[in-house]
Amino acid sequence: MRSAEKIMAWLTGAIALFALGSVIVGLLQWNVMSGQLTEMHTGGIDTHTLAETPKLTLRPRIDIVSVGPYREMATARSIIMWMTVS
């Protein structure tokens, strides 16, 4: 075998080795991605269950209807504080 043929044989082997490595990396990535898809699906179901839980319980709730008088009172206090400082 001449030196050019040896170089071509070595390069062909290197290409085959890189191709095999690419296939292995691709298979490992596929395995990881399929595991993530399963985790995302079960996580979505868990989130939906948590969102539906308050509808099923009979816990008392406090709803804030209005905060209007507090704002007026806080503004009046700040004006009084400003007047006493000046």
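Our structure is the block above this text.
Read on for a plain summary of the structure. (Residues numbered from 1 in each chain as written. Predicted model: local features only at pLDDT ≥ 70, side-chain atom pairs only at ≥ 80, totals over all residues. Heavy atoms only, no water.)

Take the overall build of the protein next. The helix and strand tally for the protein stands at two helices and zero strands. For the protein, the proportion of its 86 residues judged to be buried stands at 1%. In the form shown here, the protein has an accessible surface area of approximately 8,600 Å², with 71% of it arising from carbon and sulfur atoms. (Helix = DSSP H or I, 4+ residues; strand = E, 2+ residues; numbered from the N terminus. Buried < 20%, exposed > 50% of the residue type's maximum accessible area, 1.4 Å probe, protein only. Areas by Shrake-Rupley, 256 points an atom, 1.4 Å probe, with all protein chains shown as cover.)

There is a patch of nonpolar side chains on the surface, built from Ile-7, Met-8, Trp-10 and Leu-11 and spanning about 470 Å² of accessible area. Mapping Trp-10 onto the fold places it in helix H1 (residues 3-56). Trp-10 sits in the exposed class, given a relative accessible area of 63%. (Patch = residues over 30% accessible without salt bridge, like charges linked within 9 Å, V, L, I, M, F, W, Y side chains within 5 Å. Salt bridge = Lys/Arg side-chain N within 4 Å of Asp/Glu carboxyl O.)

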